[in-house]
Amino acid sequence: MFFRESGVFHTTYQRDMALYPMPITKFAVAAFAVLFVGVLPFSMHEYYVSIVNLVLIAVVGALGLNILVGYTGQISIGHGAFMSVGAYTAANLIVRLDMPFWVAVPAGGAMAALIGAVVGIPSLRIKGLYLAIATLAAQLIIEWTINHVPWISGGVQASIEVPRPRLFGYVLNSQRDLYFFLLAFATVAIVATLNLVRSRIGRAFIAIRDQDIAAEIIGINIFRYKLLAFAISSFYAGVTGVLYTYYLGIANYEQFQIVVSIDYLAMIIIGGLGSVLGSIFGAIFVTLLPIVIRLFMESFGSLLFDPKDVLNLIPMLRLILFGALIIVFLVLEPEGLDRLWRNIRNYFRVWPFSY
Amino acid sequence: MSDTLNFFFLLIGNGVLIGLMYALIALGFVLVYKATDAINFAQGEFVMIAAIVVSAALQAYGAPLWLAILIGLGGMIAFGFGLERSVLRPLLGRPIVAVIMATIGLAAILRGVGPLAFGTGVRNLPLPISEDPIFLGPFFLTPVQLVGAGVSLLFLAAFGWFFMKSRQGIAMRAVANNQQVAMAMGIHVERYFALAWAMAGVVSALGGVIWGSMLGVDVQLALVGLKVFPVVILGGLDSIVGAIVGGLIVGIVENVAAGYIDPYVGGGTKDFAPYALMILALMIRPYGIFGKRTIERV
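What counts and how
- Residues numbered from 1 in each chain as written.
- Chains lettered and ligands numbered in written order.
- Predicted model: local features only at pLDDT ≥ 70, side-chain atom pairs only at ≥ 80, totals over all residues.
- Heavy atoms only, no water.
- Helix = DSSP H or I, 4+ residues; strand = E, 2+ residues; numbered from the N terminus.
- Rg over C-alpha atoms; globule rule 2.2 N^0.38 Å.
- Buried < 20%, exposed > 50% of the residue type's maximum accessible area, 1.4 Å probe, protein only.
- Areas by Shrake-Rupley, 256 points an atom, 1.4 Å probe, with all protein chains shown as cover.
- Lys, Arg positive; Asp, Glu negative; His and termini not counted.
- Charge placed at Lys NZ, Arg CZ, Asp CG, Glu CD.
- Core = buried A, V, L, I, M, F, W, Y, C linked by side-chain atoms within 4.5 Å.
- Contact = heavy atoms within 4.5 Å.
- Axes fitted to C-alpha atoms, helices over the stretch in contact; angles between N-to-C directions.
- Parallel < 35°, antiparallel > 145°, perpendicular 65-115°, else oblique.
- Left-handed = near helix turned anticlockwise from the far one by under 90°.
- Nonpolar A, V, L, I, M, F, W, Y, C, P; charged D, E, K, R; others polar.
- pLDDT = per-residue confidence, 0-100.

**Let's talk about the overall build of chain B**
1) Next: When helices and strands are tallied, chain B shows 11 helices and two strands.
2) Next: Taken from N to C terminus, the helices and strands of chain B fall in the order α-α-α-α-β-β-α-α-α-α-α-α-α.
3) Next: Against the globule reference of 19 Å for 298 residues, chain B gives a C-alpha radius of gyration of 19 Å, in line with a compact fold.
4) Next: With the C-alpha coordinates of chain B rotated into their principal frame, the extents come out at 65 × 50 × 35 Å.
5) Next: Sorting the 298 residues of chain B into buried and exposed places 54% on the buried side.
6) Next: With an accessible surface of roughly 12,500 Å², chain B has 66% of that area assigned to carbon and sulfur atoms.
7) Next: One way to put it: in chain B the 16 positive side-chain charges average out to a point 14 Å from where the 13 negative ones average out.

**A closer look at the environment of Pro64(B)**
All names here are of chain B.
1) Next: Looking at the secondary structure, you find Pro64 in the loop between helix H2 (43–59) and helix H3 (65–88).
2) Next: On the accessibility criterion, Pro64 (39% relative accessible area) is partly exposed.
3) Next: Spatially, the C-alpha atom of Pro64 lies 21 Å from that of Gly114, the residues being 50 residues apart in sequence.

**Looking at the nonpolar core**
1) Next: Of all hydrophobic cores here, the largest spans 196 residues; its most connected members are Tyr246(A) and Phe41(B).
2) Next: Ignoring any residue separated from it by four or fewer positions in sequence, one finds Tyr246(A) in contact with Ile94(A), Pro100(A), Phe101(A), Ala104(A), Val105(A), Val162(A), Pro163(A), Arg164(A), Pro165(A), Leu178(A) and Phe181(A).

**Regarding the packing of helix H6 (residues 167–177) of chain B against helix H8 (residues 189–215) of chain B**
A packed helix pair is summarised by two numbers, namely the angle formed by the two axes and the spacing between the axes.
Residues and elements named next belong to chain B.
1) Next: As a packed pair, H6 and H8 sit with axes 10 Å apart at the nearest point and diverge in direction by 110°. For the element pair H6 / H8, the angle class is roughly perpendicular. Residues Gln168, Ala171, Met172 and Val175 of H6 form the contact with H8, whose participating residues are Val189, Tyr192, Phe193, Leu195, Ala196 and Met199.

**Considering the packing of helix H6 (residues 129–148) of chain A against helix H11 (residues 269–284) of chain B**
1) Next: Viewed as axis vectors pointing N to C, H6(A) and H11(B) meet at an angle of 140°, and their least axial separation amounts to 9 Å. Classified by the interaxial angle, the pair formed by H6(A) and H11(B) is oblique. In this structure, H6(A) meets H11(B) at a crossing whose hand is left-handed. In this structure, H6(A) uses Tyr130(A), Ile133(A), Ala134(A), Leu136(A), Ala137(A), Leu140(A), Ile141(A) and Trp144(A) to contact H11(B), whose residues at the interface are Thr269(B), Phe272(B), Tyr275(B), Ala276(B), Met278(B), Ile279(B) and Leu282(B).
2) Next: Here the residues of the contact of H6(A) with H11(B) are counted per class, giving 14 nonpolar, one polar and no charged.

**A short note on the confidence of the model for chain B**
1) Next: Looking at chain B as a whole, the pLDDT averages 82, with 94% of positions reaching at least 70.
2) Next: Here strand E2 (residues 139–141) of chain B is the element of chain B with the lowest mean pLDDT, 68, and H3(B) is the one with the highest, 88.

What follows is the structure, given as structure tokens:
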């Protein structure tokens, strides 16, 4: 069934804001559900499942950052640190109090939300550059604090080992088990974000992004909603940190340094600011980029470079490509992969006619 | 004088010298911000890449020091012009976040290109300055720091003069103040944008030589750039005097804090203290000590 509607003809606001804008969307979602639950995990090698797991974790974080940057128009260079807050909160709960994941994940998120809201307080007075620098400061200060307070960081090398999550006594040991665990969280994050941005709160965020003074005049409490955006966004970041800790089996501050903050910013810029689908695209793209570069270098690298150096070159090539992609997307396609995807879809929707 | 007092003055003295060298790097940031309203998150990477080029010219190609520094300067000027043309001009009029992100992307590129083109090892960048400390009563100072502080002061003064007295400097201030009016007065605004980036390149090249000779040249040198933000926030984003004062404050505070707190927490205070101070400044006086009071409030 390739046919679609010939256009969007919503006549009520309810229809316009519906989660499923068209009947066909339900089928598409059902098809994706079957693919991700039934087909994908069982048809792939364990190694590829572990990569998909990384993507799923990144999706949660990218969605969170997009709520803040893409929807509310505030910038944060401190999301790596918020992730580490979530990770260490959860790791301490798990190791010291033997908490199950369904306590540890929300607790990590809540702690990160609290810290994020505190960091967001200056956003009342400052914006743009100043906010970027304030969140950069938060990143460095949180990193320093975790690294220098053994009570949080578990002493030696600031890392805490964490056991695998357990569900009703069953330990999620393999990557395939973890896949379902992470898929559940990623799905919840996606649905929650979709619902958030079409609710009153989400529309307030968008109003603040588009014209903050106008937003205030129509009765949006800017301070409250900015703080809320920081808190929600950091909650996602905290959950990402906890999920990543479960994935690695260890909480370590080196996994959440400023580079990570920039990775996530790259995800939402490449994917598309202010778009749920864009966050997912960006998370996939940025997570796969180093893996693709490594595969490429392993197969063709020796033709271009000295074979001894090939493996050392990968991180540098990754950085260069990364930066170049951020700039290229900013200059040429500010709406990111999401826009490209819509362009392609619109082209094929009416193909072979031009409109 | 007692030993504790000596220690205190030693920390202050070192802080002043380091602070002046921070001011030099912060100057690159201030120049760009003053003229173009663009925020350069890649200032540290500018310094790093300049230092890498100079040290590579010195060692790999055996150029004499003056030639190597000239190559570094020329390279950074060309880089500044090219950067403005290719990346920043298309972003004119876009939200400030876009410019911030573009320079963050640029920083990533430079961090990759530097070691890719010139190798990953730590190079040294020897300057013809003796390494014996100079004793000045109870203090001792390293000559490199003295020279660095001297060069910084010289350049800060030169740029101060440039902005206050020279025709180009006045034009640049006009551009910074109001682009449309400057255009109406017949000032070629885009040319001054490019000039500002080239000047930032010059400052970064000098900063790269001085910091590189002190710390050694590799990717880690870019971390110096992280100190730029506390300096410029404290001093005021668009003020050259502010860059000096902010640099001095950051230099002194981080040295004193490191001297007294480091023994208890095991290092790292140097990176932490300036940012803690900066947060305070953002809460109380976000436009800095000498900055314009035009911060946007909501």
